[in-house]
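Given next are the chains, with one letter for each unit.
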Amino acid sequence: MTVVVNAILLLAALLLTISALVAIQRIAVGPSQLDRSIGSDLMVAVVIGSVGLWATWADQDTEIVIPLLLSMVGFTGAVSIARLVSERVVYRPKSGEKIRGDR
Amino acid sequence: MTAVLDLVSALFVLVGAFMCFAAAVSLVRYPDVLGKLHAITKPQSLGVMAIAIGVALGVRTWWALSVAIITIVFQLLTSPVAANMVARGAYRSGIVPSRNLNVDHLAEDLDEADARPDRLTPPPGGNSEPSGDHTR
C-alpha cells in the first residue's frame, strides 16, 4: 500500500465518519419518525461503506459478507418504520387544501 | 499492475464514500422528508455500488467479485422499495407541506378517484376511514 492509496482511503474514512455523525444527528433531531428512519437507512449505508473500506485497506475478503447481508436486508428498518408509524387514518389533502405541515 | 489496480480501487472507494457524504448533506439541507429521499436513495445506491466495485478490484479474489456482484444486484432491488414505502408513508401522514410541492399529481389523481362512483370507496366528503384500510 503506497502513500497515495493510504491517503485516499484516509479521506474516504473521514467522509464516512462525517456522514455517520450527520445521520446520528438526524436520528436525534428529526421532527418526524420518518426522518429518523431515513437517518437509520443512511447509517446502514455508512456501515456497508466502512466494511468495504476496511476490506480494501486490509486486503482481506472474509468480512465482506457483512455488506452483502446488509444490502439485502438493510432496507427493512426504514420500510417497517414507514409501515407502522404512518398515521392510521387515511388522510390526504384535496387539491389546493392546506395540510397540517403548512405554517 | 497491482499498484494500478490498488489505486483504482481506492478511487472507487473514495467515490462511494463521497456519495454517502452527499446523502448526509441532503439530510441537512432539504426541508422535508420527500426532498431528503432524493439523495438517500439515488447517490447512496451508487455509492454502495462504487464501494463494492472498489472492494472487488482491491481484493482480487473470486469470492470478492461474486460478493460484489450480488451486493450490487440486491442494492438495486431493495433501494426503490424502501424509497417508495417511506415516500408513501410521508405523503399519507400529511407531513409534507404543500408549499414545498410545485406540482401534486397524486392529489389530483386521488380526487379523481374519489369522484368516480364506486361501491368500495366511501362517497366524497369523508376524510377518514376505518383504520384497517390501507390498501388504496
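Each chain carries its own residue numbering, running from 1 in the written order of its sequence. Chains carry letters and ligands carry numbers; both start at the beginning, A for chains and 1 for ligands, and go up in the order they are written. Owing to the predicted nature of the model, reporting of local features is limited to residues with pLDDT of at least 70; listing and counting of side-chain atom pairs is limited to 80 or more, with chain, interface and lining totals taken over all residues. Where side-chain values are given, they derive from all heavy atoms of the structure, hydrogens and water being excluded.

- Going by the annotation in an unreviewed UniProt entry, the name recorded for chain B is Multicomponent Na+:H+ antiporter subunit G, with Tessaracoccus oleiagri given as the source organism.
- Of chain B, the UniProt comment under Sequence similarities (unreviewed entry) reads exactly: "Belongs to the CPA3 antiporters (TC 2.A.63) subunit G family." UniProt positions are given in the numbering used here, feature names are shortened, and annotations may be inferred rather than shown by experiment.

- If you look chain A up in an unreviewed UniProt entry, it shows as Multicomponent Na+:H+ antiporter subunit F from Tessaracoccus oleiagri.
- Annotation of chain A in UniProt includes, under Subcellular location (unreviewed entry), the sentence "Cell membrane".

**A closer look at the overall build of chain A**
- Each helix and strand in chain A was counted, giving four helices and zero strands.
- Only DSSP runs of H or I with at least four residues qualify as helices, and only runs of E with at least two residues qualify as strands; both kinds are numbered from the N terminus onward. Listing every helix and strand of chain A by position from the N terminus yields α-α-α-α.
- Categorising residues by exposure relies on relative accessible area from a 1.4 Å probe, with only protein chains included: less than 20% of the type maximum marks a residue as buried, more than 50% marks it as exposed, and the intermediate range marks it as partly exposed. Buried positions account for 45% of the 103 residues belonging to chain A.
- Should any heavy atoms of two residues lie within 4.5 Å, those residues are counted as being in contact. Counting contacts in chain A only where the partners sit at least 6 residues apart, residues at least 24 apart contribute 44% of the total.
- Throughout, the Shrake-Rupley method with a 1.4 Å probe supplies accessible areas, and for residues the shown protein chains are the sole cover considered. Total accessible area on chain A stands at roughly 5,200 Å², and carbon and sulfur atoms take up 70% of it.

**Describing the packing of helix α2 (residues 33-58) of chain A against helix α4 (residues 76-85) of chain A**
Residues and elements named next belong to chain A.
- Throughout, an axis means a line fitted to C-alpha atoms (over the contacting stretch in the case of helices), and angles, computed between N-to-C directions, take values from 0 to 180 degrees. At a closest axis distance of 9 Å, the pairing of α2 and α4 adopts a crossing angle of 170°. The angle between α2 and α4 falls in the class roughly antiparallel. On the side of α2, the interface is formed by Q33, L34, S37 and D41, while α4 contributes A78, I81, A82 and V85.
- The class makeup of the residues in the contact of α2 with α4 is five nonpolar, two polar and one charged. Note on terminology: angles under 35 degrees are roughly parallel, angles over 145 are roughly antiparallel, angles of 65 to 115 are roughly perpendicular, and the others are oblique. Residues are grouped as follows: Ala, Val, Leu, Ile, Met, Phe, Trp, Tyr, Cys and Pro are nonpolar; Asp, Glu, Lys and Arg are charged; all remaining types, including Gly, are polar.

**Thoughts on the UniProt feature "transmembrane region" (unreviewed entry) in chain B**
- As annotated in UniProt, the feature "transmembrane region" (unreviewed entry) corresponds to residues 46-77 of chain B in the numbering used here.
- With 91% helix and 0% strand, residues 46-77 of chain B has end C-alpha atoms that lie 13 Å from one another.

**A look at the interface of chain B and chain A**
- Contact with chain B, which involves 61 residues of that partner, is made by 59 residues of chain A.
- Both sides of the chain B and chain A interface together cover about 5,400 Å² of buried area, and 67% of this is carbon and sulfur.
- Here, a salt bridge means any side-chain nitrogen of Lys or Arg that lies within 4 Å of a carboxyl oxygen of Asp or Glu. Summed over the shared surface of chain B and chain A, the number is one salt bridge.
- Put simply, K36 of chain B and D35 of chain A hold a salt bridge, and the shortest N to O gap is 3.0 Å.
- Broken down by secondary-structure element, the contributors of at least two residues to the side of chain B that touches chain A are α1 (2-29), α2 (33-58), α3 (62-93) and α4 (105-115) of chain B.
- When residues in the side of chain B that touches chain A are grouped by element, the largest group, 17 residues, is from α3 of chain B. We define buried area as the total accessible area lost by two parts upon association, computed with a 1.4 Å probe and summed across both.

**Quick word on the side chain of Q44 of chain B**
- Tracing the chain through its elements places Q44 of chain B in helix α2.
- With relative accessibility at 4%, the residue Q44 of chain B sits in the buried group.

**Considering the pattern of salt bridges**
All names here are of chain B.
- One pass over the full model with this rule turns up two salt bridges over all chains.
- Of the charged contacts in the structure, one is a salt bridge between R60 and D6, with a shortest N-O distance of 3.4 Å. Of this pair, R60 sits in the loop between α2 and α3 while D6 sits in helix α1, and the two are 54 residues apart along the sequence.

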